[in-house]
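Take a look at the letters that make up each chain.
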Amino acid sequence: MALQCGIVGLPNVGKSTLFNCLSNAKAQAANFPFCTIEPNVGVITVPDERLNKLAELVHPQKIVPTTVEIVDIAGLVKGASKGEGLGNKFLANIRETDAILHVLRCFDDDNVTHVDGSVDPVRDKEIIDAELQLKDLETIEARIGKVEKQAKTGGEKDALLAFKVYSQIREALLRGESARTVTFDTKDEIRAAHDLFLLTAKPVLYVCNVDEGSAVSGNRYVEAVREAVQNENAGILVVAAKIESEIAEFETFDEREMFLNEIGLDESGVNRLIKAAYSLLNLQTFLTAGPQEVRAWTFHKGWKAPQCAGVIHTDFEKGFIRAEVIKYADYIRYGSESAVKEAGKMSVEGKEYLVQDGDIMHFRFNV
């Protein structure tokens, strides 16, 4: 399931530094705009402590975590929607991603230039928002003209619905709001909005890149961002990219843990960011556990058992009979699959079962 999160932001806010920490792929990081021209793609392992806990009980030959793709997209600048800088190419790269990690500079450093001369993350956010909104407005204007006449003269049901949806989104964009702020009542309206593939409809996580002293509690820049995005249906994560690059240099887990404890963090910003990106894509994990491997499998939240079976193999979905399900907490409590069965804690579920995050699954099928 190759779903992607795209890292975006103005030049010199720490995007490539953060990407390097995430993927260990050495994207060029330099103190000038357009350092990143081609998007760097990293396949990132999603941290999941449950895999190690299960492996301690099962003793498998290998552990296989799940992954998510992170794309480092070059820095946007004002005028990108009109092709300024390398705008058209950057916007095309964003369009191909499923969610956006918007990095904002929330630190002072005279040695790192700012493309607009001063540090103001809310202004920076609004610059990129405006460019994405303008591009979306172009899309809406091109599409709305095609359905408006049909809606007003012919009264076709599909045209009426599309015109209503497009009009609501256009009004939001003209107010300087993103498409994701518009809510719809029916599945048909939601589908019509989704089929536009708008840039500002994508889920977004604002990543506040702070200095070391602000890594735990944030700072005034972060608070300003929180206030600015409170009505956006978006998340916020505080990360100190410079610290994360130092953590990445440590060779052992114990060294990293000691460093994190010294600065007052329970978990690295990279781990928190990967988990947040995974959640941003509306993804969850079910598990399989056996002597050959303990493995995490990615599925969309809300999927039923046959769909999840298809993640392992299409034949599993086609010939689905039932799913044997053990809750992760029960597996850890009783220590083995056989002990869980003896305790009566394994359930047998049919085609309508909604799979939950952390479910340990075994599928029965017949093709």
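These notes cover the structure that comes with them. (Residues numbered from 1 in each chain as written. Predicted model: local features only at pLDDT ≥ 70, side-chain atom pairs only at ≥ 80, totals over all residues. Heavy atoms only, no water.)

1. Considerations on a negative patch on the surface
Argument step 1. A surface patch of like charges, here negative, comprises Asp 108, Asp 110, Asp 211, Glu 212, Glu 246 and Glu 249.
Argument step 2. Relative to the helices and strands, Asp 110 is located in the loop between β5 (99–105) and α4 (121–154). (Patch = residues over 30% accessible without salt bridge, like charges linked within 9 Å, V, L, I, M, F, W, Y side chains within 5 Å. Areas by Shrake-Rupley, 256 points an atom, 1.4 Å probe, with all protein chains shown as cover. Salt bridge = Lys/Arg side-chain N within 4 Å of Asp/Glu carboxyl O. Lys, Arg positive; Asp, Glu negative; His and termini not counted. Charge placed at Lys NZ, Arg CZ, Asp CG, Glu CD. Helix = DSSP H or I, 4+ residues; strand = E, 2+ residues; numbered from the N terminus.)

2. What about the pairing of strand β1 (residues 4–8)?
Argument step 1. Among the five residues that make up β1, five are buried, leaving the element largely enclosed by the rest of the structure.
Argument step 2. A two-sided burial pattern is seen for β1, the buried positions comprising Gln 4, Gly 6 and Val 8 on one face and Cys 5 and Ile 7 on the other.
Argument step 3. As paired elements, β1 and strand β4 (residues 67–72) share four bridges and run parallel to each other. The residue bridging Ile 7 from the neighbouring strand is Asp 72, located in β4.
Argument step 4. Judged from the four bridges that link them, β1 and β5 form a sheet pairing that is parallel. Looking across to β5, one finds that Val 8 is bridged to His 102. (Buried < 20%, exposed > 50% of the residue type's maximum accessible area, 1.4 Å probe, protein only. Pairing = 2+ DSSP bridges.)

3. A look at unusual backbone geometry
Argument step 1. One non-glycine residue, Asn 12, adopts positive backbone phi at about 65 degrees.
Argument step 2. Mapped onto the elements of the fold, Asn 12 is located in the loop between β1 and α1 (15–23).
Argument step 3. In this structure, Phe 197 takes a positive phi of about 55 degrees despite not being glycine.
Argument step 4. Looking at the secondary structure, you find Phe 197 in the loop between α6 (187–194) and β6 (204–209).
Argument step 5. By relative accessible area, which is 52% here, Phe 197 ends up exposed.

4. Focus: the sheet that holds strand β7 (residues 235–239)
Argument step 1. Across the sheet, which stays open at both edges, the six strands sit in the order β2-β4-β1-β5-β6-β7 with mixed pairing between neighbours. Strands at the two margins of the open sheet, each flanked by one partner only, are β2 (40–45) and β7. Across the sheet, the mean angle separating the axes of adjacent strands is 25 degrees when strand polarity is ignored. (Axes fitted to C-alpha atoms, helices over the stretch in contact; angles between N-to-C directions.)

5. Quick notes on the packing of aromatic side chains
Centre-to-centre distance and the angle between the planes together describe a pair of aromatic rings.
Argument step 1. This structure, assessed with the given rule, holds five aromatic pairs.
Argument step 2. Each residue in the set Phe 286, Trp 297, Phe 299, Phe 320 and Phe 363 is aromatic and connected to the rest through ring pairs, giving one cluster.
Argument step 3. The positively charged end of Arg 220 is found above the aromatic ring belonging to Tyr 221, 4.4 Å away from the centroid.
Argument step 4. We note Arg 295 situated over the ring of Trp 297; from NZ or CZ to the ring centre the distance is 4.1 Å. (Phe/Tyr/Trp six-rings, centres within 6.5 Å; stacked < 30°, edge-to-face > 60°. Lys NZ or Arg CZ within 6 Å of the ring centre and 35° of its normal.)

6. A short note on the packing of helix α5 (residues 157–174) against α6
Argument step 1. Running from N to C, α5 and α6 point in directions that differ by 65 degrees, and their axes come no closer than 9 Å. Considering the relative orientation of α5 and α6, their crossing is right-handed. Together, Leu 161, Lys 164, Val 165, Tyr 166 and Ile 169 of α5 and Asp 188, Glu 189, Ala 192 and Ala 193 of α6 make up the contact between the two elements.
Argument step 2. Of the residues assigned to the contact of α5 with α6, the class counts are six nonpolar, no polar and three charged. (Left-handed = near helix turned anticlockwise from the far one by under 90°. Contact = heavy atoms within 4.5 Å. Nonpolar A, V, L, I, M, F, W, Y, C, P; charged D, E, K, R; others polar.)

7. Things to note about the nonpolar core
Argument step 1. Of all hydrophobic cores here, the largest spans 58 residues; its most connected members are Leu 22, Ile 70, Ile 94, Leu 101, Cys 106, Val 207 and Leu 273.
Argument step 2. The greatest single-element share of this core, amounting to six residues, is contributed by helix α10 (residues 269–280).
Argument step 3. Ranked by size, the runner-up nonpolar core spans 20 residues in total, among them Ile 140, Ile 144, Phe 163 and Ala 172. (Core = buried A, V, L, I, M, F, W, Y, C linked by side-chain atoms within 4.5 Å.)

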